[in-house]
Amino acid sequence: MNSEEEQRAQPEYIHPRPAQEREGLSSAFWLPDEDPQQIIARDQATMAELGIDPQQLARKMAWVIELSRQDEHYCKTFTHDRFTISSAYYRMMVPCPLCDGAGGNGELLVIDNVTREELYFPSMMPHLVSVHHFFESPRSSYRV
């Protein structure tokens, strides 16, 4: 494929910001009137009800992050298998609010090109999901 064909094959850049319906929500991990342990308990119940293994989900998110950090994909929109993946990384690192563990400095958007479903998540999510089973507040614009 020549470079003109390659450019046409690559999707245009999609910034992985939270969807517009999230406008007006908080940028906090949780709000002052919320208990993070209650959020975690609800998230764990939802994962159990849906049959989702948090470790498996976290590994898949981490894999997407690693793929997006490769030089040819870094801060770009690209297609991998049936998915369109977009990433943005920043200089600022946000630390985990629940421990002294990992932090994150990016945002990702994964679009299933068959079902058109979208998954938005900050790059800290593999840590938050695998270690804490936490997806952020339902009132946070950064919630998975």
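Residues numbered from 1 in each chain as written. Predicted model: local features only at pLDDT ≥ 70, side-chain atom pairs only at ≥ 80, totals over all residues. Heavy atoms only, no water.

Asks: Sorry, what's going on with the sheet that holds strand 1 (residues 77–80) here?
Replies: Backbone hydrogen bonds are what pair the strands of a sheet, in a parallel or an antiparallel way. One open sheet accounts for four strands, arranged 1-2-3-4; its pairing is antiparallel. Edge positions in the sheet fall to strand 1 and strand 4 (118–122), since each has one partner strand and no second. Here the average twist between neighbouring strands, direction ignored, is 25°. With five bridges joining them, strand 3 (residues 103–112) and strand 4 adopt antiparallel strand pairing. (Pairing = 2+ DSSP bridges. Helix = DSSP H or I, 4+ residues; strand = E, 2+ residues; numbered from the N terminus. Axes fitted to C-alpha atoms, helices over the stretch in contact; angles between N-to-C directions.)

Asks: What's the story with the packing of helix 3 (residues 54–68) against helix 4 (residues 125–132) in this structure? I'm lost.
Replies: Between two packed helices, the angle of one axis relative to the other and the distance separating the axes together describe the packing. Where helix 3 meets helix 4, the axes come as close as 8 Å, and the angle between the chain directions of the two elements is 165°. The angle between helix 3 and helix 4 falls in the class roughly antiparallel. Both helix 3 and helix 4 take part in a crossing whose hand is left-handed. On the side of helix 3, the interface is formed by Pro54, Gln55, Leu57, Ala58, Met61, Ala62 and Ile65, while helix 4 contributes Met125, Pro126, Val129 and Ser130. Considered class by class, the residues forming the contact of helix 3 with helix 4 number nine nonpolar, two polar and no charged. (Parallel < 35°, antiparallel > 145°, perpendicular 65-115°, else oblique. Left-handed = near helix turned anticlockwise from the far one by under 90°. Contact = heavy atoms within 4.5 Å. Nonpolar A, V, L, I, M, F, W, Y, C, P; charged D, E, K, R; others polar.)

Asks: In this structure, what is going on with helix 3? I would like to understand it.
Replies: Every α-helix winds through 3.6 residues per turn, so residues three or four apart in the chain are directed the same way. Spanning 15 residues, helix 3 covers 21 Å between terminal C-alpha atoms, matching the ideal 21 Å at 1.5 Å per step. Next to the buried residues of helix 3 lie helix 2 (36–50), strand 1, strand 2 (83–95), strand 3, strand 4 and helix 4. For helix 3, the side-chain oxygen to backbone nitrogen distance between the N-cap and Gln55 is 3.1 Å, and the N-cap itself is Asp53. (Expected span 1.5 Å × (residues − 1). Polar contact = N/O pair within 3.5 Å; in protein donor to acceptor, adjacent residues only side chain to side chain.)

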